[in-house]
Amino acid sequence: MGKTHERIDGRLRTFIEGQPVFFTATAPLAADGTVNLSPKGLKGSFAVLDEHTVAYLDFAGSNAETIAHLRENGRITLMWCAFQGPPNIVRVHGRGEPVFRDDPRFRELLGRFRDIDPARHGLRAIIVVTAELIRDTCGYAVPFMTYEEERDLHGKRFAREDDASLSAYFSKKEHIASSLDGLPGLPLPLPPSTV
């Protein structure tokens, strides 16, 4: 029922680029560490960079578990489900890296996301994932659900922030600079935005 793919192209690429939501899963190395699973949305915030590399924009939120886990060990799995059309689940298992705003690669990577205004969402980093295993499975048990529209709440909330106020917001949150398990999270204060 499952199939392993050598690369992200053709039907597989079309499928993942067409999904309005995907999920990320990461975990620390510690056996008793907290596993993190996060939904990701916002149209235009995901990109296939090449046949083995994908990236997504990491926006302001209440914690930075994914960033902390990637800084510690780099392991990540991304998952897309077909909620409409033929059943399908795609997982990309790989190594991820947060590219922060002061990284020389940041501006070039940001150019790959032309369909979203990242300044409105408190952009913290770009997560780049290199695929090590690409698999799809049937998804027969995934229900049909109808996509209606994007929520505008995130953009409304963070569009009013500048670099200083965004750093102040993050500094007040308990699990931004360090994870739930005490791992280094988002480096603060944020470097100046290049967008």
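Residues numbered from 1 in each chain as written. Predicted model: local features only at pLDDT ≥ 70, side-chain atom pairs only at ≥ 80, totals over all residues. Heavy atoms only, no water.

Bringing helix H2 (residues 65-72) into the picture now. Within H2, 6 of the 8 residues are buried, which leaves the element mostly enclosed by the surrounding structure. Among the residues making up H2, those that are buried are Glu-65, Thr-66, Ile-67, Ala-68, His-69 and Leu-70. Taken together, the buried residues of H2 touch strand E2 (22-26), strand E3 (36-40), strand E5 (53-58), strand E6 (75-81), strand E7 (89-100) and strand E8 (125-137). A positive backbone phi angle near 80° is found at Gly-74, which sits one or two residues after H2. (Buried < 20%, exposed > 50% of the residue type's maximum accessible area, 1.4 Å probe, protein only. Helix = DSSP H or I, 4+ residues; strand = E, 2+ residues; numbered from the N terminus. Contact = heavy atoms within 4.5 Å.)

The residues that UniProt annotates with the feature "domain: Pyridoxamine 5'-phosphate oxidase N-terminal" (unreviewed entry) are residues 10-138. The span residues 10-138 is 16% helical and 41% strand by assignment, and the distance between its end C-alpha atoms comes to 18 Å. (UniProt positions renumbered as here; feature names shortened; annotations may be inferred.)

Taken as a whole and judged by the stated rule, the model has 6 aromatic pairs. Within the aromatic cluster, the residues linked to one another by ring pairs are Phe-22, Phe-46, Tyr-56 and Trp-80. Across from the ring centre of Phe-158, 4.5 Å away, lies the NZ or CZ of Arg-157, which sits over that ring. One Lys or Arg, Arg-157, reaches over the ring of Tyr-169 and ends 4.8 Å from the middle of that ring. (Phe/Tyr/Trp six-rings, centres within 6.5 Å; stacked < 30°, edge-to-face > 60°. Lys NZ or Arg CZ within 6 Å of the ring centre and 35° of its normal.)

Along the polypeptide, Ser-45 turns up in the loop between E3 and strand E4 (46-50). Judged by relative accessible area, Ser-45 falls into the buried class, the value being 3%. A polar side-chain atom of Ser-45 sits 2.7 Å from the main-chain carbonyl oxygen of Gly-41. Setting aside residues no more than four positions away along its own chain, Ser-45 makes contact with Ala-55, Tyr-56, Leu-57, Phe-59, Phe-113 and Ile-116. (Polar contact = N/O pair within 3.5 Å; in protein donor to acceptor, adjacent residues only side chain to side chain.)

Turning to the pairing of E3, a few remarks are in order. Side chains Asn-36, Ser-38 and Lys-40 of E3 all project onto a buried face; the interleaved residues Leu-37 and Pro-39 project onto a face where none is buried. By the bridge criterion, 5 bridges tie E2 to E3 in an arrangement that is antiparallel. Pairing of Thr-24 across the sheet is with Ser-38, part of E3. (Pairing = 2+ DSSP bridges.)

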